[in-house]
Each structure stands twice: as C-alpha cells, then as structure tokens.
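# Fold and geometry: a report
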Amino acid sequence: MQSLSLMVVAVVLHGSFLTHLGAAQPLNDGGLHVVRYDGRLIASVDATSAGDLDRLEEIGAEMISCELSPAGGDFILTPVQLLAVKAMGYQAEVKQPDLQAAIDLESARIRESLVSYRQRGVNSDGFFDDYRPLPEIDAFIDDLVARRPDLVSRFEIGQSFEGRTIWGLRISADTSGCKPAFVLNGITHAREWLTVMNVLYLAEQLVDGYGVDEEITDIVDRVEWLIIPVLNPDGYEYTWTTSRFWRHNRRPPGGVDLNRNYSVQWRPSGSHGAGPFSEPETASLRDFVLSNPQVRAHNDTHSYSNLVLFPWAWLTQPCPDHEEYQALGDAMNARIAVANPGNQPWEVGPLSTTLYRIAGGSTDWFYVEANAMSFLYELRGSGFDPPPSSILPGSRDTFGATLLHAKHVADRSTFRADIDGNCVFDLDDVLAFLIAFASDEPRADFDLDTDVDFDDVLAFLVAFGEMS
Ligand SMILES: [Zn+2]
C-alpha cells in the first residue's frame, strides 16, 4: 500500500498527471464511487415481464442487466429484499454475495492499473489491460489519429447534457468512388464499460490492419467507418466518479435511458424522456446520421448477455427484412464462435422476442429512418463488467462478426452503381456497366449470384435508379 502511495505522489508531481486529473478525478481518495452498496448482493431473478420489473422495483430492487431476457435479469438487492423476492414467488439465485467488496476490489485494481498506465505514457501498449476513464480514451483516439492521419480523423457529433463533447472517429481509406458508411457506438448505457473497449479495439484493428491484413484492407477501402466510442460521456464519467452502476444520461433527477429515447415506437409509457429525441446525446446522433445519408449500417454495442440482436425492438412480428437479418446474424454468430478458443455460439434474433420489448430503441430508428441495417450486441459476460483478462477476448469476440456485417452491406450497397468510381451517378455508369456486362466481367455480377445474366442488368438499374 505504501509503495502505491509513493507511486501516486511521484506521478502527481509529474505535471501531465495533473492535467488529466483536472478533467476527471477517478483516482482521488474516496472519490471513486461515492454511492455505496454495503450490504447489497446481486441475484439472478426469473422476472421476465414489464409487470415483474415493476413489482421488483416497487420493493427497491435495482436491475443491473442491460435488459430483461426470457431467463430473467440480475438485480441488486438487500438480503431482506431477496427474501421478499422469493416470497413473491420468484426464483432467485445469488451471483455476488458482497457487492461493495467486489466494487472495492475493482476500484483498487483499476487505480493501480491506471497509475502504471499513465507512468508509461497514455498512448503505449496496455490500453486494453484494464478499463479506462475519459481522459485516457481521449488520448487513445488522438494516438490513433496521429498514427495514420491519412486514414483516421476525429469528429464531433454534438454536446452531452452536461456539455461534454461527443466524439467520433472516422476511418476510411481515400479510395475513389462512393461507399456506404457504418455507424457504431459504445456506452449508450453508462455502466457497460466493456462496450467502449470493444469499439476502440475495432478502431485500432482497422487502423493497424490496413495495408497488412487483406480482409481489413478491403473493408476499409469499401466502407466508411464512423465510430462513436462514448455516446453518453456524462453517464460514463459518473460511473467512474460517483456511482458505478449508473445507466442513464445525467438529466436530473434520474437521467434518461438513451435506448428508449429514439422516435420509432417511442411511446409515453415504456419509453424515456420528455419526448422522442428529447436528449442531446440521441438528438446529436440523429442529426449526425441524417446529415450523412451514406449511412447504411449501424451497431449499438451493449453488455452483457452474449447476443446478436436486430429489429424489431418493439413489434413482436418479424421485420420485413427478417430473413436477411437472421442469415447474416447467424453468419456473424459463427465468426463469434471461433473468435477466441472455447467461445460458445451466442444467440441471434430480433430484440423484441430474444430479449425484451424496447420502445424508442436505437435499432428500430436506424432501420426505419436511417435506411441502415442495424444490429445490437450484448457482449460477453454473465455479470457486471468481466475481469480485465476478458477485455481483449471480449473485444475480439465481435471483431470478425462486425467485419462481416460491413462486408454484407458493402456487397449489397446501391453505391455499387457508381461503376466508374467518380461518385456521380450518371449515364457514364450505365455505359460502364453495359461494357462490363458485355465482356462478362465479374463486377457485372450485380446480384451476386456468381453468374452474369439479365438479372444483373435489372439489379443494376434498380440500384442506379435509387442513387441517381
Ligand atoms: Zn445496455
């Protein structure tokens, strides 16, 4: 303990550390997690309906899962509440008997890891050794941009409720022609810390793999990646400084659940916020996406439950593109299964029937209003964020699956009608297509059925008609 204190003093005396502490104080003594959970435990409860959730919340139970599932959810309870839950007829199994002790252990570990990470210089290897607060995330983004300014840039989508900038990373090779864009975001729910590590791992792999790995190079050539690591910076900051299990944004008094604040299927009961897009975080994302009409893919990353989910989030019937979603989801799942030794297949399906009905969720809005194929991951784990040894595997889990999603969208994109690659959809493209068609070139296989026939002309004309 004494050596750790000395290390802290030594690092504090080093000027750069003070700058970081000025922005956030995750390491100040006693400041980490002011909200305490003494005498609380986490139990899995077989609560599956909105009515169940209401009943449990009435007795003061706090759900810790991202969403309820058909198997139930995990709740923070006192031992007395646990008895009450059982008396109400629910099955309840204790997963974490001493929550505050678990938080204290995590805090001590992170404090130590952060001190040594900062000593080594925030941009060094080791970012993924443990969870990281906002200043380190910021520096990591800067480092990626500095590494490949030809490939990466940083952009701002807007400001949070408390005035923090919501940053994005654009990764795109400067290749000719139009391409579809893929929006990914982490940290919708503040406490789901693995999600920001997961999307930053993706960003780093795309940057470092470009020109080295064939699959990555191809997909960075063909897709514009727009990665928003922390959609909810206020909530995230609050989970570091004050309350480890905060979920919402920071609008007083209790915050708004951002994944209930989108306009599609927003409803006064079941959704969140004064109205659709009442929150600056979701409104910023909406405005950013609508000002980028090339967006065709989206992923909202959450944790935990090992799930690949897609629309509908609210309606329980299959969405119009259900078969395409299910087939791609299954293929993505197969990549997840081989991403790390011993990975089990996850579950794949519509959000509403696989997990829980969500009103005003992100996937329905991206699907309906943004013309994007939208998935939602529930990353690995069966408890609040997995140990640091699981951060890299938990980031690798979905990497190949996300590439597959991007490739699917690029393969089928109507942007392919820009045959001559000048990003203008005009008669030159029709001519270029017909020439390719006449000489049986592979790129004339527009419907991707491996032979070049009249169906390809039709498919091309449909795509061309949509773009011109
Ligand atoms: Zn979530």
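Our structure is the block above this text.
Described below are features of the structure shown in this document. Here the structure is a predicted model, which means the values were calculated and not measured.

The subject of this paragraph is helix H3 (residues 50-58). Those residues of H3 not exposed but buried are Asp52, Leu53 and Leu56. Looking straight down H3, one finds its buried side chains confined to an arc of 100°; they lie on one side. Packing partners of the buried residues in H3 comprise strand S1 (41-45), strand S2 (62-63), strand S3 (73-77) and helix H4 (79-87). Note on H3: the residue one or two positions beyond its end, Gly60, has a positive phi of about 95°.

Before going further, it helps to spend a moment on the sheet that holds S3. Adjacent strands of a sheet pair through backbone hydrogen bonds, lying either parallel or antiparallel. Spatially, four strands are ordered S2-S3-S1-S4 in an open sheet, and the strand pairing comes out antiparallel. The sheet is open, and its two edges are formed by S2 and strand S4 (92-96), each paired on a single side. Here S1 runs beside S4; their pairing, made up of four bridges, is antiparallel. Bridge pairing in S4 places Ala43 opposite Val94. Sheet contacts for H4: S1, S3 and S4; angle to S3, the most-contacted strand, approximately 135°.

In this section: the pattern of salt bridges. Tallied over the full model, the rule gives 28 salt bridges. The residue Arg286 makes a salt bridge to Asp287 at a minimum N-O spacing of 2.9 Å. With relative accessibility at 24%, the residue Arg286 sits in the partly exposed group. Linked through salt bridges whose partners overlap, the residues forming this network are Glu67, Arg247, Asp257 and Arg260.

For the coordinates displayed, the defined rule picks out one disulfide. Cys178 shares a disulfide with Cys423; S-S distance 1.9 Å. Every disulfide takes its handedness from the sign of the S-S torsion; for Cys178 and Cys423 that torsion is 115°, giving right-handed. With a gap of 245 residues between them, Cys178 in the loop between strand S6 (165-171) and strand S7 (181-185) and Cys423 in the loop between helix H15 (399-412) and helix H16 (427-438) connect regions that are remote in the sequence.

Between helix H10 (residues 280-290) and helix H13 (residues 362-369), the shortest axis-to-axis distance is 12 Å and the interhelical angle comes to 25°. Taken together, the axis directions place H10 and H13 in an arrangement best described as roughly parallel. Crossing angle aside, the handedness with which H10 passes H13 is right-handed. Of H13, the residues touching H10 (which contributes Leu285, Arg286, Val289 and Leu290) are Trp365, Phe366 and Glu369.

A separate point is the nonpolar core. Counting residues in hydrophobic clusters, the biggest one holds 64 residues, and the most contacted among them are Ile171, Leu200, Leu206, Val220, Trp225, Ile227 and Tyr236. Among the elements that make up this core, the one with the highest residue count is helix H7 (residues 194-209) (10 residues). Each residue touching Val220, except ones within four places of it in the same chain, is listed here: Leu151, Ile171, Ser172, Ala173, Lys179, Leu206, Tyr210 and Trp225. If you look at the next biggest cluster of nonpolar residues, it comprises 23 residues, including Ala61, Phe75, Val85 and Ile358.

With the rule as written, the count across this model stands at 28 aromatic pairs. Taken together, the ring pairs connect Tyr117, Phe127, Phe128, Phe140, Tyr201 and Phe399 into an aromatic cluster. One residue, Arg250, lies across the ring of Trp246, its end atom 4.7 Å from the ring centre. Over the ring of Phe446 we find Arg416, and its NZ or CZ is 4.0 Å from the ring centre.

A word on the packing of helix H11 (residues 322-337) against H15. With their axes 8 Å apart at the nearest point, H11 and H15 run at an angle of 145° to one another. Of the two possible hands of crossing, H11 and H15 adopt the one that is right-handed. Facing H11, whose interface residues are Glu324, Leu328, Ala331, Met332, Arg335 and Ile336, H15 presents Gly400, Ala401, Leu404, His405, His408 and Arg412. Here the residues of the contact of H11 with H15 are counted per class, giving six nonpolar, three polar and three charged.

Here we come to the coordination of the zinc ion. Bound to the zinc ion are the protein donor atoms Cys66 (SG), His189 (ND1), Glu192 (OE), Glu192 (OE) and His302 (ND1), situated 2.0 to 2.3 Å from the metal. Here the donor residues of the zinc ion share one chain and are spaced in sequence as C-x122-H-x2-E-x109-H. Within this pair, whereas His189 is found in the loop between S7 and H7, its partner His302 is found in strand S9 (residues 295-303), the two being separated by 113 residues in sequence. Comparing His189 with His302, the two get one shared label, buried.

Reading guide: rules and limits
- Residues numbered from 1 in each chain as written.
- Predicted model: local features only at pLDDT ≥ 70, side-chain atom pairs only at ≥ 80, totals over all residues.
- Heavy atoms only, no water.
- Buried < 20%, exposed > 50% of the residue type's maximum accessible area, 1.4 Å probe, protein only.
- Helix = DSSP H or I, 4+ residues; strand = E, 2+ residues; numbered from the N terminus.
- Arc of directions from axis to C-beta.
- Contact = heavy atoms within 4.5 Å.
- Pairing = 2+ DSSP bridges.
- Axes fitted to C-alpha atoms, helices over the stretch in contact; angles between N-to-C directions.
- Salt bridge = Lys/Arg side-chain N within 4 Å of Asp/Glu carboxyl O.
- Disulfide = S-S within 2.5 Å.
- Parallel < 35°, antiparallel > 145°, perpendicular 65-115°, else oblique.
- Left-handed = near helix turned anticlockwise from the far one by under 90°.
- Core = buried A, V, L, I, M, F, W, Y, C linked by side-chain atoms within 4.5 Å.
- Phe/Tyr/Trp six-rings, centres within 6.5 Å; stacked < 30°, edge-to-face > 60°.
- Lys NZ or Arg CZ within 6 Å of the ring centre and 35° of its normal.
- Nonpolar A, V, L, I, M, F, W, Y, C, P; charged D, E, K, R; others polar.
- Donors = N, O, S within 2.8 Å, 3.2 Å for Na, K, Ca; no water.

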